[in-house]
Amino acid sequence: MSTADQPVGHDSADSSTAAQADEQTPEMFTDPGLPYHRPRRADVDPKADKRAERQVAALFGLSILGTIIAIGSYLALDMTEEIASIRFVNMMIGLGLFLAMIGIGLGAVHWAKTLMRDHEMVEERHELRSSEEAREGAVQNLKDGVEDSGIGGVKRRPVLVGSLVGAIALAPLAVLFPQIGNMGGDWNTKKFAHTMWRKGTRLARDPDGTLIKASDVTIGSAFHVIPDGLNELEHHRIEEKAKAVVLLVRLDPRDLKIQPGREDWSFDGIVAYSKICTHVGCPVALYEQQTHHLLCPCHQSTFDVADGAKVVFGPAKRPLPQLPIAVDDEGYIVAQSDFHEPIGPSYWTRLKHTSDGLNDSSEGSSH
Ligand code: FES
């Protein structure tokens, strides 16, 4: 279609609409000014002012109470090895911390909304540097704010200032006290290097503790394993379990790449590896039967069980430690010894605890 074929009247319709819009749009808007200032109850009613003050002080008091609960729970409650007891103590400390923090936060907000200065202020546009008069005015406004809030005038609101200072001074203790309390604990890192596994310890199913025979382990199956006797421990059962848990799998012996020096650590395709991830210690428990890969759900480190549990993907830097196993006279699977290296993530003295017989060449680059 040529230009000459364009419908006439289109341009004229556009220009008339624009002209109408011009007529309706004023060049300047009148300044509507500030909305009507509605004074708060505490501004006009001394009783409401006092009530708000008490509420703010109560919130700061709640914070102090929370700090006391957190510290008291840490000191007074006895944490046994039962999960329910651990949960209860942690819940009480957490509740104390929650109250300690929320009390200060709510108190400060309530103070600002009900008692601090509530005057609208207008700042006219001006060049970047304010005039001397405006600067002095700003300083004066700040002083007025401090004066109104009562922070600068201890004499005016001594209860508020005292309770705020008390709450702020005590709140960090709720966090620091348990940390400092733990610093006197056991710093012997050798205990990380050893687990419950000993020569002849039978492998048992987690959690019921029933023993595992080699004949129970079919090709492709995977067992979550604990040392026999773990469930009978009276003390430190959870700590020992956290170190000793193992994943037992059976592969077709033709798929298994036996690692140098570990020729007798497996039995007819059955291998056992620590379940504690060498990255930061999550349980590695997702076994993919077809690929023989073990996946850590935390950061997706993947270990190849068919090839010495070496890392094939993810942030872990070391293979999972292998537990040497054998089968006893009754057909039960037993450990030949403890792990030959510390299980789990690195720590500063790990290299010292690594067995001389193992070549842990990746240690230097580990996290
Ligand atoms: S803890 Fe396993 S990948 Fe991070």
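An unreviewed UniProt entry annotates the protein as Cytochrome bc1 complex Rieske iron-sulfur subunit originating from Demequina sediminis. Under the heading Subcellular location (unreviewed entry), UniProt records this for the protein: "Cell membrane". As recorded by UniProt, the Cofactor (unreviewed entry) comment attached to the protein reads in full: "[2Fe-2S] cluster".

Caption draft 1: Structural view of the sheet that holds strand β4 (residues 270-274). Pairing is antiparallel across the open sheet formed by four strands, whose spatial order is β1-β2-β3-β4. Looking at which strands have only one partner, the edges of the open sheet turn out to be β1 (203-205) and β4. Here the strands of the sheet are splayed against their neighbours by 40° on average, with no regard to which way each runs. As paired elements, strand β2 (residues 222-227) and strand β3 (residues 246-250) share four bridges and run antiparallel to each other. Paired with H224 across the two strands is L247, which belongs to β3.

Caption draft 2: Examining the sheet that holds strand β5 (residues 286-288) more closely. Across the sheet, which stays open at both edges, the four strands sit in the order β5-β6-β7-β8 with antiparallel pairing between neighbours. Looking at the sheet topology across the chains shown, the edges are occupied by β5 and β8 (310-313). Neighbour-to-neighbour, the strand axes of this sheet turn through a mean angle of 35°, independent of strand direction. Note that strand β7 (residues 302-304) and β8 share three bridges and pair antiparallel. Its bridge partner being in β8, F303 is matched across the sheet by V311.

Caption draft 3: Spotlight on the nonpolar core. L203, V225, V246, L248, A272 and Y273 are the most contacted members of the largest nonpolar core, which totals 35 residues. Residue assignment for this core shows that the elements contributing at least two residues are β1, β2, β3, β4 and β10 (333-335). Beyond its immediate sequence surroundings of up to four residues, V246 is in contact with V225, A272, Y273, S274, K275 and L323. Counting 18 residues, the second largest nonpolar core, distinct from the first, contains V56, A70, A167 and A174.

Conventions adopted
- Residues numbered from 1 in each chain as written.
- Predicted model: local features only at pLDDT ≥ 70, side-chain atom pairs only at ≥ 80, totals over all residues.
- UniProt positions renumbered as here; feature names shortened; annotations may be inferred.
- Pairing = 2+ DSSP bridges.
- Helix = DSSP H or I, 4+ residues; strand = E, 2+ residues; numbered from the N terminus.
- Axes fitted to C-alpha atoms, helices over the stretch in contact; angles between N-to-C directions.
- Core = buried A, V, L, I, M, F, W, Y, C linked by C-beta atoms within 7 Å.
- Buried ≥ 20, exposed ≤ 12 C-beta atoms within 10 Å, placed from the backbone.
- Contact = placed C-beta atoms within 7 Å.

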